[in-house]
Amino acid sequence: MAELRDFPSKRAAFFAGMRAAWFSVFFLVLGGTYIGLGALAHDFGFTAWWLAASTMVIWAAPAQVILISTLGTGAAFLEIAIAVSLSAVRLFPMVVALLPLVRPGMKTKGDYALVTHFTSVSMWVESLRLLPGIKPEFRLAFCYGLSVGYMSTAVVFGFVGFHLAAGLPPVLAAALLFLTPMSFLTSTARNCREMIDILAFTFGIVLGPLLAWYQVGLDLLWTGVIGGGLAYGVHRLREALT
Amino acid sequence: MMASAELWPYVALILLGFLPNEVWRFLGLWLARGLDEDSQIVLIARAVATALITGVVAKLIVFATGSLETIPFSVRFAAALGGFIAFLAIRRSVFAGVAAGEVLLLAGGFFFAR
C-alpha cells in the first residue's frame, strides 16, 4: 500500500484540490460546455447573471440545458420540472458512493449539505480517483477545493460564452451554440459502459427529434421513459437468453 | 409589475430547476446507505436519464434555434456525425470529438450559411 498523501493544513489541502481541478481534463470539458451554455442562455433571452445563479444552485449541466431550452420555448411547467428531475437521477447513486470517502472530516450538517450539493459528474469522477490516496482527515478540505475549482471555472466560462455570443458574427455564434450538443453527445457516449447504456443513448437520439416532429405532447418525457424502458427491456431479454 | 417580471426567471430557476434537481442529491444523502450501483432501479434510472439527455441533444441539433438556425440542417448533421466518428476514432476523447465537430460546422457554415 502506497503512502497516503499528507498536507501541512486543511487550507493547504483545499488549495491542492483547486489546483487539481484546474489541471484536470474536466477543466477543458467544463470550459467548453459552459461557453456553450452561456451562448444558449443568451440565445433564449436569459441574463448572464441568471445563468451564473443557475450554475451555482443547480450545478448540473444537463439539467441546465433542459431548463434553459424548455423554459425558453414555453413548455408546460410540470413537464419542465419532471424532465429536469429525470436528468438528475444519476446524482443519487453518485452521492451514495461519494459520502463514505469524505465522512472522516465531516463535522456539521452543513458539511453534508455542501458536499451533497457540490456532487456533479466532474467532481465525482475526480474525487473517486484522487480521494482514496489522501489522508482521511484532509479529504473533505481537498474535495471542497476541487468543487470550488470546478464551479468557479463553470461560472467564469458561462459569462465568457454569454458575452461572446452577444458580439460574434452569426457563423461563429452558431459554432458556440453547437458546443453544447457536441460536448454532451461525446461525454454521454463516454459514460456508456454497457449495452444498456448504448441502447438508451441511441433510442434517445432517434426518439427525441421524432416525437417532437410529430408534436407529441410532453415529448421529452416520453423520449426518456420509452427510450430508457426499451433499453432496459432489451437488456433483460439478453440476460434471460444467455 | 416590473419587479415581478424581473424576478420571475429566478422563481422559475428555484421551482423548476433547483428543487427537481436537488431532490436526488438529498435522497442520496438520506435514504441510500448501501445501495448497489448495479441494482435494477439504478440501472433503469441511468437508462432513462441517458435517453432523455441524448433526446434533448438531438433536438438541439435538428430543431436548431437562433444563429445555429443559419447553418443548414445537412451541415449540422454532418458536423455532429463527423465529430462523433472522430470521438470514437481518437481514443474516445471528448476534446477530439468536439474539436472535429466544430471545425466541420465552421467549414460547412462558411460555405453554405444562409
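In what follows, the structure referred to is the one given above.
So, here's what we can say about the structure. (Residues numbered from 1 in each chain as written. Chains lettered and ligands numbered in written order. Predicted model: local features only at pLDDT ≥ 70, side-chain atom pairs only at ≥ 80, totals over all residues. Heavy atoms only, no water.)

**Focus on empty space enclosed by the protein**
Applying the stated criterion across every chain, the model contains one cavity of 30 Å³ or more. In this structure, the largest cavity spans a volume of roughly 50 Å³. Taken together, L40, D43, L177 and P181 of chain A together with L60, A64, T65 and L68 of chain B make up the lining of the largest cavity. Secondary-structure elements contributing two or more residues to the lining of the largest cavity are α2 (25-43) and α10 (170-190) of chain A. (1 Å grid on protein atoms, 1.4 Å probe; cavity = no way out; pocket = protein on both sides within 12 Å on 5 of 7 lines; lining within 4 Å. Points joined across faces, edges and corners; volume = space filled by probe spheres on them. Helix = DSSP H or I, 4+ residues; strand = E, 2+ residues; numbered from the N terminus.)

**Things to note about the pattern of salt bridges**
Applying the stated rule across the entire model yields six salt bridges over all chains. Taking the shortest distance from any N to any O, the salt bridge between D6 of chain A and K135 of chain A comes out at 3.4 Å. One end of the pair, D6 of chain A, is in the segment before α1 (10-22); the other, K135 of chain A, is in the loop between α8 (121-130) and α9 (136-167), with 129 residues separating them in the sequence. Taking the relative accessible area as the measure of exposure, K135 of chain A reaches 29% and is therefore partly exposed. We note a salt bridge from E22 of chain B to R25 of chain B, for which the minimum N-O separation is 2.7 Å. Of the two residues, E22 of chain B and R25 of chain B both sit in helix α1 (residues 2-31), three residues apart, roughly one turn of that helix. Note on accessibility: E22 of chain B and R25 of chain B belong to one class, buried. Sharing partners across several salt bridges, the network here consists of E194 and D197 of chain A together with R46 of chain B. (Salt bridge = Lys/Arg side-chain N within 4 Å of Asp/Glu carboxyl O. Buried < 20%, exposed > 50% of the residue type's maximum accessible area, 1.4 Å probe, protein only.)

**What about the environment of A13 of chain A?**
Residue and element names in this part refer to chain A. Structurally, A13 can be placed in helix α1. Residue A13 is classed as buried on the basis of its relative accessible area of 0%. Discounting residues that sit within four places of it in the chain, A13 has contacts with F7, F138, A141 and F142. (Contact = heavy atoms within 4.5 Å.)

**Looking at the packing of helix α5 (residues 77-87) of chain A against helix α12 (residues 219-241) of chain A**
In helix packing, the relevant descriptors are the interaxial angle and the interaxial distance, both defined with respect to the helix axes. Residue and element names in this part refer to chain A. One way to put it is that α5 packs onto α12 with a least axis distance of 9 Å and a crossing angle of 30°. By the criterion of interaxial angle, the relationship of α5 to α12 is roughly parallel. Handedness of the α5/α12 crossing: left-handed. When α5 is examined against α12, the residues E79, I82, A83 and L86 are found in contact with a partner set consisting of D219, L220 and L221. Looking at the contact of α5 with α12, its residues break down into five nonpolar, no polar and two charged. (Axes fitted to C-alpha atoms, helices over the stretch in contact; angles between N-to-C directions. Parallel < 35°, antiparallel > 145°, perpendicular 65-115°, else oblique. Left-handed = near helix turned anticlockwise from the far one by under 90°. Nonpolar A, V, L, I, M, F, W, Y, C, P; charged D, E, K, R; others polar.)

**Focus: the side chain of T50 of chain B**
Along the chain, T50 of chain B turns up in helix α2 (residues 40-62). For T50 of chain B, a relative accessible area of 10% corresponds to the buried category. Setting aside residues up to four positions removed in sequence, T50 of chain B forms contacts with T188, D197, A200 and F201 of chain A.

**Regarding the interface of chain A and chain B**
At the junction of the two partners, chain A supplies 88 residues and chain B supplies 70 residues. Buried surface at the junction of chain A and chain B, summed over both partners, amounts to about 6,700 Å²; 76% is from carbon and sulfur atoms. The largest share of the area that chain A buries against chain B comes from F92, F178 and M182 of chain A, three residues that together contribute 10% of it. Our count for the contact surface shared by chain A and chain B stands at three salt bridges. Notably, a salt bridge pairs R46 of chain B with E194 of chain A, separated by 3.9 Å at the nearest N-O pair. Along the contact surface separating chain A from chain B lie 19 residue pairs in polar contact (both at pLDDT 80 or more). In terms of residues, the side of chain A that touches chain B owes the most to one element, α10 of chain A, which gives 20 residues. Here the side of chain A that touches chain B is composed, by residue class, of 60 nonpolar, 20 polar and eight charged. (Buried area = accessible area lost by both parts, 1.4 Å probe. Polar contact = N/O pair within 3.5 Å; in protein donor to acceptor, adjacent residues only side chain to side chain.)

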